[in-house]
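Single-letter residue listing:
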Amino acid sequence: MKVYNTLTKQKEEFIPIIPGEVKMYVCGPTVYNFFHIGNGRTFIVFDTIRRYLEYRGYKVEFIQNFTDIDDKMINKANDEGITVKELGDKYINEYYQDADALNIERASVNPRATEYIKDIIKFVEELIAADFAYEVDGDVYYSTKKFSNYGQLAGQNLEDLQAGARISVDERKKDPMDFAIWKAQKPGEPAWESPWGLGRPGWHIECSCMAKKLLGDTIDIHAGGMDLKFPHHENEIAQSEAVTGKKFANYWLHAAFVNVDNKKMSKSLNNFFTAREILQEYDADAIRFLMLSGHYRIQINFTKELLDSAKASIERLYNCINNLENLKDEVSKKTMDNGEDDYLKSLSKYREKFIEKMDDDFNTADAISVLFDLAKDINNNVNINSSAELCEETKKLVRELGKPLGILQTYMKKDLEAEIQELIDRRQQARKDRDFALADKIRDDLKSRNIILEDTPQGVRWKKID
Ligand code: AMP
Ligand code: ZN
């Protein structure tokens with residue numbers, strides 16, 4: 001299996017530290033809000049990689065943290081008039097609700113930064129003792145100059161990084177590129193006792209500390225969104241390797257952005273859709289299909305049209321499954337004959353192709369094409385003369401290859417009749433509400449699926465045209 005390693009900027013053979021086991025750490029959300037589908041892509045991508053590793057027989061220890069103490073948390077808690085702890089509790093619950101709905105498997109552990117304060121303080125003490133960090137008035141800074149490999153992930157040396165960075169001048173830092181690993185309490189902020197007085201951890205230190213505590217000094221895979229490559233992950237390497245003297249992570253994986261009009265989807269630009277709102281309109285299958293239909297290192301320019309076409313595509317795959325399910329009840333033959341047995345065996349070429357694509361740096365885009373080829377083959381060859389057993393076995397194969405992608409595991413929730421009736425009802429309501437734009441959109445969407453609405457004295461009727 002080959003994975004692209006951001007650290008070496010090339011595809012490398014994946015060799016875990018312990019054969020058959022993978023220790024994986026993914027930077028999780030700051031829990032001050034609902035997550036948007038840009039964050040969602042990163043979560044879905046690494047959930048898929050984890051699922052695929054499991055599909056290939058690895059035992060995966062998967063850690064994804066919750067950042068539950070930082071400036072954004074503090075400001076939002078103040079705005080809402082609740083404590084930072086209450087805010088964290090609230091949005092961790094919301095995270096689980098949306099992540100579960102997106103078929104994202106639960107992590108082995110979701111550590112919260114505030115639950116590791118003691119370990120973080122110990123980590124900071126070790127960095128000071130090893131002369132990689134220094135204290136100034138209750139703040140503790142990491143001394144980037146002391147770490148000779150600083151810049152290895154970004155692929156730049158310290159001077160170039162400094163020239164490119166927009167860092168505010170801070171007289172108290174020995175070097176402009178130094179970063180805070182412990183922050184002295186400001187009025188009104190939550191704080192913990194430490195050898196440097198009351199304060200709280202910086203962001204980068206929490207991941208170094210929790211990864212070490214939960215997975216050990218060296219881990220197999222460290223991952224996150226592309227924006228975390230610098231400075232967050234660079235700083236994590238500097239902290240961890242300074243303390244342990246060992247390599248922190250063997251493989252660094254970064255997921256590309258979801259953009260809107262070619263700008264990164266982000267809360268600050270206010271160009272985001274929350275996973276929650278998208279899930280009201282689309283199934284997890286359609287959303288995951290969209291996120292996985294391109295390679296994870298290529299940006300997605302998000303539009304609703306893309307999501308609509310993802311929905312139509314996933315429906316084609318579900319049609320194959322649903323047809324097999326219906327066919328199974330209609331056919332008269334029960335068990336497979338020799339010819340069918342051979343046919344079923346011949347389909348394993350799709351499994352091999354799927355694995356070949358996924359083994360190549362998790363090429364989900366090509367793996368999905370293999371799924372379509374498989375569905376087409378089955379549609380052409382399994383019919384009313386087939387056995388129930390073949391229907392069942394071919395359906396199982398489609399499902400088996402959908403599982404690592406987190407798709408095709410349910411039945412399409414609604415049948416066509418019920419779905420169309422629901423849309424008609426929504427259109428009627430929109431007209432009542434004088435929301436003609438929505439009413440027209442529903443009618444046009446149906447039309448694009450060859451479904452025509454007719455207003456009759458008995459009410460709205462629909463028919464399917466070819
Ligand atoms: P945050 O809560 O902002 O720390 O983000 C949580 C995760 O989502 C991190 O791994 C980010 O790198 C990732 N992320 C943030 N914005 C985007 C985006 N527009 N597209 C893809 N991933 C993103
Ligand atoms: Zn992190």
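Parameters at a glance
- Residues numbered from 1 in each chain as written.
- Chains lettered and ligands numbered in written order.
- Predicted model: local features only at pLDDT ≥ 70, side-chain atom pairs only at ≥ 80, totals over all residues.
- Heavy atoms only, no water.
- Helix = DSSP H or I, 4+ residues; strand = E, 2+ residues; numbered from the N terminus.
- Buried < 20%, exposed > 50% of the residue type's maximum accessible area, 1.4 Å probe, protein only.
- Contact = heavy atoms within 4.5 Å.
- Areas by Shrake-Rupley, 256 points an atom, 1.4 Å probe, with all protein chains shown as cover.
- Pairing = 2+ DSSP bridges.
- UniProt positions renumbered as here; feature names shortened; annotations may be inferred.
- Donors = N, O, S within 2.8 Å, 3.2 Å for Na, K, Ca; no water.
- Tetrahedral: all angles 85-135°; square planar, octahedral: opposite > 155°, others 65-115°.
- Phe/Tyr/Trp six-rings, centres within 6.5 Å; stacked < 30°, edge-to-face > 60°.
- 1 Å grid on protein atoms, 1.4 Å probe; cavity = no way out; pocket = protein on both sides within 12 Å on 5 of 7 lines; lining within 4 Å.
- Points joined across faces, edges and corners; volume = space filled by probe spheres on them.
- Nonpolar A, V, L, I, M, F, W, Y, C, P; charged D, E, K, R; others polar.
- Near = heavy atom within 4 Å.
- Polar contact = N/O pair within 3.5 Å; in protein donor to acceptor, adjacent residues only side chain to side chain.
- Salt bridge = Lys/Arg side-chain N within 4 Å of Asp/Glu carboxyl O.
- Core = buried A, V, L, I, M, F, W, Y, C linked by side-chain atoms within 4.5 Å.
- Domains from an automatic or database assignment.

S.K.: What is the right way to look at the overall build of the chain in this model?
M.R.: Secondary structure assignment for the chain yields 16 helices and 15 strands. Oriented by its inertia axes, the alpha-carbon framework of the chain measures out at about 80 × 60 × 35 Å. In the chain, buried positions account for 51% of the 466 residues. Long-range contacts, defined here as pairs at least 24 residues apart, represent 76% of the contacts in the chain between residues at least 6 apart. Put simply, the chain shows about 21900 Å² of open surface, and 47% of that area lies on carbon and sulfur atoms.

S.K.: What is the right way to look at the sheet that holds strand β12 (residues 263-264) in this model?
M.R.: Hydrogen bonds between backbone groups are what pair the strands of a sheet, and the pairing can be parallel or antiparallel. Across the sheet, 3 strands lie side by side as β12-β11-β13; this open sheet has mixed pairing. Sheet topology places β12 and β13 (300-301) at the edges, where each strand pairs with a single neighbour. Strand direction decides the pairing type here: strand β11 (residues 258-260) and β13, joined by 2 bridges, are parallel. Looking at the pairing, Val258 lines up with Ile300 of β13.

S.K.: What am I meant to see in the UniProt feature "short sequence motif: 'HIGH' region" (unreviewed entry) in the chain here?
M.R.: UniProt marks residues 29-39 with the feature "short sequence motif: 'HIGH' region" (unreviewed entry), using the numbering shown here. When the span residues 29-39 is considered, its composition is 27% helix and 0% strand, and the gap between its end C-alpha atoms is 8 Å.

S.K.: Just checking my understanding: could you explain the coordination of the zinc ion (ligand 2) for this structure?
M.R.: Under perfect tetrahedral coordination by four donors, a metal shows angles of 109.5 degrees; under perfect octahedral coordination by six donors, it shows angles of 90 or 180 degrees. Note on the zinc ion (ligand 2): its protein donors are Cys27 (SG), Cys207 (SG), His232 (NE2) and Glu236 (OE). The metal-donor distances range over 2.0 to 2.7 Å. Seen from the zinc ion (ligand 2), its 4 donor atoms lie at angles of 72 to 128 degrees, and the figure they make is irregular. Of the residues examined, Cys27 reaches a relative accessible area of 6% and is grouped as buried.

S.K.: Any chance you could explain the packing of aromatic side chains here in plain terms?
M.R.: Any two aromatic rings considered together are summarised by their centre-to-centre distance and by the angle between their planes. In this structure the tally under the stated criterion is 21 aromatic pairs. With a centroid separation of 5.7 Å and 55 degrees between ring planes, the pair formed by Trp182 and Trp196 is classed as tilted. Note that Trp182 is positioned in strand β7 (residues 179-184) and Trp196 in the loop between β7 and β8 (199-201), a separation of 14 residues in sequence. Judged by its relative accessible area of 0%, Trp182 is buried. Site record: aromatic cluster; members linked through ring pairs are Phe35, Phe43, Phe66, Tyr95 and Tyr96.

S.K.: What am I meant to see in empty space enclosed by the protein here?
M.R.: Rolled over the atoms, a probe sized like a water molecule indicates the empty space that remains. This structure, assessed with the given rule, holds 5 cavities of 30 Å³ or more. Taken as a whole, the largest cavity spans an internal volume of roughly 80 Å³. If you go around the largest cavity, the residues you meet are Phe62, Gln64, Tyr95, Tyr96, Ala99, Asp100, Ile104, Glu105, Arg106, Ala107 and Asn110. Among the elements of the structure, β4 (59-64) and α3 (84-101) are those that each provide at least two residues to the lining of the largest cavity. Per element, the largest residue contribution to the lining of the largest cavity is 4 residues, and it comes from α3. In terms of residue class, the lining of the largest cavity is made up of 6 nonpolar, 2 polar and 3 charged. Residue lining of the second largest cavity: Pro29, Thr30, Val31, Asn33, Phe34, Phe35, Tyr91, Glu94, Tyr95 and Lys267, and that is the complete set. Grouping the amino acids of the lining of the second largest cavity by side-chain chemistry returns 6 nonpolar, 2 polar and 2 charged.

S.K.: What should I look at first to understand the site of ligand 1 in this one?
M.R.: Within the structure, ligand 1 sits among 17 residues, and Gly38, Thr42, Asp227, Val258 and Met265 are positioned closest to it. With respect to ligand 1, the backbone of Gly225 contributes an N or O atom lying 3.0 Å from an oxygen atom. Against a free-state accessible area of 480 Å², the protein chains account for coverage of 92% of ligand 1. Every element with two or more residues in the shell around ligand 1 is listed here: α1 (37-55) and β9 (219-225). A per-element tally of the shell around ligand 1 places α1 first, with 3 residues.

S.K.: So what exactly am I meant to see when it comes to unusual backbone geometry here?
M.R.: Leaving glycine out, the prevailing phi sign among residues is negative, and the prevailing peptide bond configuration is trans. Cis geometry is adopted by the peptide bond preceding Pro231, which originates at Phe230 and carries an omega value of 0 degrees. Following the sequence through the fold, Pro231 ends up in helix α7 (residues 229-244). Phi is positive for Asp261, which is not a glycine, with a value near 50 degrees. Structurally, the position occupied by Asp261 is in the loop between β11 and β12.

S.K.: For this particular structure, what's the right way to read the pattern of salt bridges?
M.R.: Pairing of side chains with opposite charge becomes possible as their charged atoms draw close. Summed over the entire model, instances satisfying the criterion amount to 47 salt bridges. Among the ionic pairs, Asp119 bridges to Lys213, the shortest N-O distance being 3.2 Å. Highlighted residues: Asp119 in helix α4 (residues 117-129) and Lys213 in helix α6 (residues 203-215), separated in sequence by 94 residues. On the basis of relative accessibility, which here comes to 22%, the residue Asp119 falls in the partly exposed class.

S.K.: What am I meant to see in the nonpolar core here?
M.R.: With 93 residues, the main nonpolar core has Met24 and Leu53 as its most contacted residues. Sort the elements by how many residues they give to this core and helix α10 (residues 304-330) lands first, with 9 residues. Two domains each provide a minimum of three residues to this core, namely domain 1 (2-131 + 205-280) and domain 2 (309-405). Residues within four places of Met24 in sequence aside, it is in contact with Phe46, Ile49, Leu53, Val60, Glu61, Phe62, Ile63, Leu215 and Ile221. The next biggest cluster of nonpolar side chains, apart from the first, holds 40 residues, and it includes Leu7, Tyr142, Ala154 and Ala238.

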